[in-house]
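# A look at the structure
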Amino acid sequence: MGQKESSERFWENFHGPNMGYVEEQYDKYRQDPESVEASLKELFDTHGEPRVMQRQGEDAPSTGMSEASIKKITAAIQLVEAIRRYGHLEADIYPVGGEHAETTVLTKMEDYQLTESDLRDIPASFVWEDAPNNVHTALDAVQLLKERYAGTTSFEYDHVGNHEERKWLQDQIETASYIPGWSETDKKEILKRLTDVEGFESFLARTFVGQKRFSIEGLEAMVPMLDSIIKEACLADTNEVMLGMAHRGRLSVLAHVLGKPFDLIFSEFNHTGEKELLPSEGSRGLHGGWTGDVKYHFGAVAEHHEGQEKHTTITLANNPSHLEFVNPIVEGFTRAAQDDTSKAGYPDQDPSKALSILIHGDAAFIGEGVVAETLNLGDLPGYSTAGSVHIIANNQVGFTTNRRDGRSTRYASDLAKGFEIPIIHVNADDPLACVAAALLAFRYRQRFNKSILIDLVGYRRYGHNEMDEPRSTQPILYQDIDAHDTVAKIFSAKLEEEKVVTGQDGYDSLSAQIGEHLKDIFQNMKEEDAKEKLPKPEPEALKCDLPKIKTSVPADTLFSLNRQLQKRPEGFQVFKKLIKIISKRHQAFEEEGKADWAVGEILAYASILQEGTPIRLTGQDSERGTFAHRHAVLHDVETDATYSPLHGLDEAKSFALHNSPLSEAGVIGFEYGYSVHNPNAFVLWEAQFGDFANTGQVLFDQFIAAGRAKWGEKSNMAMLLPHGYEGQGPEHSSGRVERFLQLAAENNLIIANVTSSAQLFHLLRRQAKLGGKEEARPLVLMTPKSLMRSARLASKLEEFTEGSFSSLRVQPNNEATTETAKTLVLGSGKVMVDLEEAMEKDAGAFEELHIVRLEQLYPFPAQRIKQILEDYPSISEVRWVQEEPRNMGAWTFVRDRIEAILSEDQTLEYIGRPDRASPAVGKPAVHKTEQKQIINQALKLSKGGVSV
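Values in this document were obtained by computation on a predicted structure and should not be read as measured data.

### A word on the overall build of the protein chain
Within the protein chain, the secondary structure is distributed over 35 helices and 30 strands. Seen through its principal axes, the protein chain has C-alpha atoms that stretch 110 × 80 × 55 Å. In the protein chain, which comprises 948 residues, the proportion classed as buried is 58%. Taking the contacts inside the protein chain whose residues are at least 6 apart along the sequence as the reference set, 80% of them involve residues at least 24 apart. With the model as given, the accessible surface of the protein chain reaches about 38200 Å², and the carbon-plus-sulfur share is 48%. If you average the places of the 103 positive and of the 144 negative side-chain charges in the protein chain, the two averages end up 5 Å apart.

Structure representation (structure tokens):
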């Protein structure tokens, strides 16, 4: 919020006689700031010149009141404003522990030289224009506003820049209209819910002693909060609610919000070594992975019903121990559910279709950078989900780390202020306040399509994982916790005082009922002798090679697509230099008989769209392309209007192309989530340079590579990683293919490094067609940089209209025959193009070398290489050549696989850079020397080098 807007808002509190006095004093202040009383000087220093806000029906400003009275009124107005802004500092939001020692006296009347008598003498309308009818004096106003702003619920929204939003929040808070008129039935239902949650956690603790469960105890109110949001979403005809959370409280959310059967949860504990608990038949098969995961990482899907007609699908995303990295994935789920991709152009987004709820840890929210990355996506066109409800599950301790060691801010929620997200702090021991906060959050999101955050302040009754002893690291806090009743007991006692419940239907009775219910379920479960378990095998569809998929496209279709891609809106003025480039691109087949990388890529996208598959492509600078090859979004030089030629195709699906923010982890997670939730769309993420994918390693490790095996999550997302050693130094050379190859197993990925535009065309089309199929898996593609414009990567028309992607490609102009070949040279990517160029300088000299490009590194084409060795019986030596250092690149991956298919009299040799700590040298001259040495050694005709 700007200072001018803030000051105008402040001066709105002054009207009538007090405004006249203030204006008079400001005239004196302008002549000499020291001539006015200190409190007024501070007022003018902060808020500048008073703005007269004449109220309808008021008399003109007058100075008929005494100077002392006006000063009191001015001070009272300052006090009221301070309560609104700083009431949270004195709020009762800490069930135990707390940080009250850090509060200030900003909302104390004494600090403004006011007494209760002074405030009684001032009409309420002087300090609170919209005061309720039962508020008569300034003292009444101060007392009521302190209840509203400094009770068990408090608010921070002064950082929100939009006046309409602030005014709406202020009205909701000060009239308490967001708080339901709780019926006795409502209160009893909430009490039962709290008791059920507590009883469930207590039963797990007694029955499975010493086992990790990351209990919700201390934050039990989260369950009725989620209940209320989901109910309201259902009543608002929201199709889907997406939940993301770490493991704290996850079992209770699974059981009580998602309806995961208790017996299935019990079976996952496997309480003894000799016996295994078996869930009922109806509880089996919730998880689709074959290696599985621990019980507090699993997600679930459920249907929520309100009446006969309304229902909403609830999805809790699977999440490993990397806590907040699920956030962008859930946002990707949500955007996928909101997007209508059925028509050409950008997808039509409908925010009412889906809502995301993200539950954070207090230490993780401020501590993990992916949170800020995800929050930054919130208002960007390509990533907005029209607001999320954020809940911080604040237990005041991060594992064993106290707040003073975990963050530099007062509140865990302070990060949200930079994104103008309103914050509600609420005491987890007041369940009615918690549910009311949840309802307010939902209504704000629905009204403004913006995010809001609830800081649910509670505690953690046991150690981090129930096996820790927290009294050794937080002794004072746990003295408070040990002496503190549970929220269910506290709430039940309150309801007994209100005569809502009695001893017969209060806490003790409800606890006994849930205890007996869970005991019956547990005792009726079957047991069998524990057997030695092995992971389930991967699905049959992943055990085999990919099915034959037709990816060729008829020539007339390609020509038609090229013509359509030249269309522009009438009057659209393209940058002159681009006109020639684009025209040449779309006439490539006619003029040169070949199409380069850019043409192969855009024709792949165009044909995919016309065949009925929507595409989403994002990345830093992806509209133009980092290396200025794509130009898929054109800019009008006169108006800066934009147009994508891929939006002008006949009868095509949507094409969403967005320049991403400067983020890798957040964006990769978002795109992965989008691809999982909408398997019918082809989702691609492009790194600016392949090296930059490093910062998304958690997403690659925990989700993209392992999500299918752990949880059954299917994705055919493609990642484009510019890769190639061209003398640009350590951070602009390597896409770190070795890291992806290390993750490759059970046919979980496709890892490729192709060297022709036709190969790219077929590979992308094949990947798009895998969407929604059992054979689906992500694609990691090392893409070229300078080579994008190389004629050596251009392909003839017949290579697009015939054939398909090939995992191996014989080197162009290969001279060896089955009789002359003595050495098989294998390599992948740009270095093979460098070899091609070098060989042209000495044509006819390489009859002994049969050179083959490995275009797909994984799944490794062992049988095809074996067939080559059989077809060329004179080969006695195999050379693996690469640009990357020996401890990087593909060498450590391919070595064992190549050796396994060699005969005893065949040797394998490595050619490339030696082991290195850094992926590339920093000086171009040194790079060129190294590269020349690699090429020369790879092309030598006599045996030599290091045999392995």
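### Looking at the confidence of the model for the protein chain
For the protein chain, the mean per-residue pLDDT works out to 90, and 93% of the residues sit at or above 70. Ignoring residues within four places in sequence, the model shows residues 53-63, a span with pLDDT below 50, making 25 contacts including any to other chains. Throughout residues 942-948 the model reports pLDDT below 50, and contacts reaching past four residues in sequence, or to other chains, amount to 17 contacts.

### Some remarks on the layout of surface pockets
In this structure, the second largest pocket encloses a volume near 660 Å³. Asp-545, Leu-546, Arg-766, Ser-807 and Gln-856 are, among the 24 residues lining the second largest pocket, the residues nearest its centre. Only β28 (856-858) and α33 (862-871) provide two or more residues apiece to the lining of the second largest pocket. Of the residues assigned to the lining of the second largest pocket, the class counts are nine nonpolar, seven polar and eight charged. Here the lining of the second largest pocket gathers at least three residues from each of two domains, domain 3 (555-802) and domain 4 (808-939).

### Considering the pattern of salt bridges
As a working rule, side chains carrying opposite charge can pair if their charged atoms are close by. Evaluation of the coordinates by the stated rule reveals 46 salt bridges. A salt bridge links Glu-90 to Lys-108; the shortest N-O distance between them is 3.6 Å. Here the residue Glu-90 occupies a position in the loop between α4 (67-86) and α5 (116-120), and Lys-108 occupies one in the loop between α4 and α5, the gap between them amounting to 18 residues. Take Glu-90: its relative accessible area is 22%, and that puts it in the partly exposed class. A relative accessible area of 34% places Lys-108 in the partly exposed class. Across the pair Lys-830 and Glu-883 runs a salt bridge whose closest N-O atoms are separated by 2.9 Å. Of the two residues, Lys-830 is situated in helix α32 (residues 830-840) and Glu-883 in strand β29 (residues 877-885); the sequence distance between them amounts to 53 residues. Accessibility classification places Lys-830 together with Glu-883 in one group, the buried group.

### Examining the sheet that holds β28
The strand order β19-β16-β20-β21-β23-β22-β28 describes an open sheet built from seven strands, whose pairing is mixed. In this open sheet, the two edge strands, each paired with only one partner strand, are β19 (655-659) and β28. Pairs of neighbouring strands in the sheet enclose a mean axial angle of 20 degrees, with direction left out of account. Alignment of strand β16 (residues 615-619) against strand β20 (residues 682-686), held across five bridges, turns out to be parallel. Along β20, the bridge assignment pairs Gly-619 with Glu-686. Contacting β16 and β20, helix α26 (residues 665-677) runs over the sheet at an angle of about 170 degrees to β20.

### Details of the packing of aromatic side chains
Inspection of the entire model under this criterion finds 32 aromatic pairs. Note on Trp-891 and Tyr-910: the rings are 5.2 Å apart at their centroids and 50 degrees apart in plane angle, and the pair reads as tilted. Residue Trp-891 is found in helix α34 (residues 891-899), and its partner Tyr-910 is found in strand β30 (residues 907-913); the two are separated by 19 residues along the sequence. Each member of the pair, Trp-891 together with Tyr-910, is buried. One aromatic cluster in this structure is built from Phe-200, Phe-203, Phe-208, Phe-262, Phe-266, Phe-269 and Phe-522. Lying over the aromatic face of Phe-269, Lys-295 brings its terminal NZ or CZ to 4.4 Å of the ring centre.

### Structural notes on unusual backbone geometry
With an omega of -5 degrees, the peptide bond running from Tyr-858 to Pro-859 counts as cis. Along the chain, Pro-859 falls in the loop between β28 and α33. Although it is not a glycine, Asp-237 adopts a positive phi angle of roughly 65 degrees. Tracing the backbone shows Asp-237 in the loop between α10 (222-235) and β2 (240-245). Its relative accessible area of 48% is what places Asp-237 among the partly exposed residues. Unusually for a residue other than glycine, Asn-449 sits at a positive phi of about 50 degrees. Relative to the assigned elements, Asn-449 resides in the loop between α17 (431-448) and β13 (452-457). Since its relative accessible area comes to 37%, Asn-449 is described here as partly exposed.

### Considering the sheet that holds β13
Strand pairs in the sheet, formed through backbone hydrogen bonds, run parallel or antiparallel to each other. The strand order β1-β12-β13-β9-β8-β2-β5-β4 describes an open sheet built from eight strands, whose pairing is mixed. For this open sheet the edge positions go to β1 (153-156) and β4 (300-306), each flanked by a neighbour on one side alone. With strand direction ignored, the average angle separating the axes of adjacent strands in the sheet is 20 degrees.

### Some points on the domain arrangement of the protein chain
The domain boundaries assigned to the protein chain delineate domain 1 (3-47), domain 2 (184-340 + 350-524), domain 3 (555-802) and domain 4 (808-939). Each of domain 1 and domain 2 has a C-alpha centre, and these two points are 48 Å apart.

### So, empty space enclosed by the protein
Counted by the stated rule, this structure contains seven cavities of 30 Å³ or more. Its volume calculated, the largest cavity comes out at about 90 Å³. Taken together, 16 residues line the largest cavity, and the ones lying closest to its centre are Ile-704, Arg-708, Glu-713, Asn-748 and Pro-778. Of all elements in the fold, only α27 (697-704) and α28 (707-711) reach the threshold of two or more residues within the lining of the largest cavity. Its residues assigned to classes, the lining of the largest cavity comprises eight nonpolar, four polar and four charged.

### Here we look at the UniProt feature "domain: Transketolase-like pyrimidine-binding" (unreviewed entry) in the protein chain
As annotated in UniProt, the feature "domain: Transketolase-like pyrimidine-binding" (unreviewed entry) corresponds to residues 595-790 in the numbering used here. Taken end to end, residues 595-790 comprises 31% helix and 17% strand; its first and last C-alpha atoms sit 11 Å apart.

### Observations regarding helix α13 (residues 326-338)
If you check α13, its first and last C-alpha atoms are 19 Å apart, about what 13 residues at 1.5 Å a residue would give, namely 18 Å. α13 sits mainly inside the fold: 13 of its 13 residues count as buried.

### Describing the packing of α10 against α17
Look at α10 against α17: their axes get within 8 Å of each other, and the N-to-C directions meet at 35 degrees. Relative to α17, α10 is oriented so that their crossing is right-handed. In contact with Pro-224, Met-225, Ser-228, Ile-229, Glu-232 and Ala-233 of α10, α17 contributes Cys-434, Val-435, Ala-438, Leu-439 and Phe-442. For the contact of α10 with α17, the residue count by class is nine nonpolar, one polar and one charged.

### Focus: the side chain of Gln-811
As for its placement among the helices and strands, Gln-811 is situated in the loop between β25 (808-810) and β26 (823-827). The class for Gln-811 is buried, based on a relative accessible area of 1%. Looking at Gln-811, its side chain comes within polar contact range of the main-chain oxygen of Met-832, at 2.9 Å. Apart from the residues lying within four places of it in its own chain, the contact partners of Gln-811 are Met-832, Leu-835, Glu-836, Met-839, Ile-851, Val-852 and Arg-853.

### Points about helix α12 (residues 262-269)
Taken across its eight residues, α12 has eight buried, putting it largely inside the fold. Phi for Asn-270, located one or two positions after α12, is positive at around 45 degrees.

### Some points on the nonpolar core
One finds Val-127 and Phe-266 to be the most contacted residues of the largest nonpolar core, which totals 92 residues. Looking at which element gives the most residues to this core, the answer is α17, with 10 residues. Counting 71 residues, the second-largest nonpolar core is a separate cluster that includes Val-330, Val-667, Trp-685 and Tyr-910.

The rules behind the values
Residues numbered from 1 in each chain as written. Predicted model: local features only at pLDDT ≥ 70, side-chain atom pairs only at ≥ 80, totals over all residues. Heavy atoms only, no water. Helix = DSSP H or I, 4+ residues; strand = E, 2+ residues; numbered from the N terminus. Buried < 20%, exposed > 50% of the residue type's maximum accessible area, 1.4 Å probe, protein only. Contact = heavy atoms within 4.5 Å. Areas by Shrake-Rupley, 256 points an atom, 1.4 Å probe, with all protein chains shown as cover. Lys, Arg positive; Asp, Glu negative; His and termini not counted. Charge placed at Lys NZ, Arg CZ, Asp CG, Glu CD. pLDDT = per-residue confidence, 0-100. 1 Å grid on protein atoms, 1.4 Å probe; cavity = no way out; pocket = protein on both sides within 12 Å on 5 of 7 lines; lining within 4 Å. Points joined across faces, edges and corners; volume = space filled by probe spheres on them. Nonpolar A, V, L, I, M, F, W, Y, C, P; charged D, E, K, R; others polar. Domains from an automatic or database assignment. Salt bridge = Lys/Arg side-chain N within 4 Å of Asp/Glu carboxyl O. Pairing = 2+ DSSP bridges. Axes fitted to C-alpha atoms, helices over the stretch in contact; angles between N-to-C directions. Phe/Tyr/Trp six-rings, centres within 6.5 Å; stacked < 30°, edge-to-face > 60°. Lys NZ or Arg CZ within 6 Å of the ring centre and 35° of its normal. UniProt positions renumbered as here; feature names shortened; annotations may be inferred. Expected span 1.5 Å × (residues − 1). Left-handed = near helix turned anticlockwise from the far one by under 90°. Polar contact = N/O pair within 3.5 Å; in protein donor to acceptor, adjacent residues only side chain to side chain. Core = buried A, V, L, I, M, F, W, Y, C linked by side-chain atoms within 4.5 Å.

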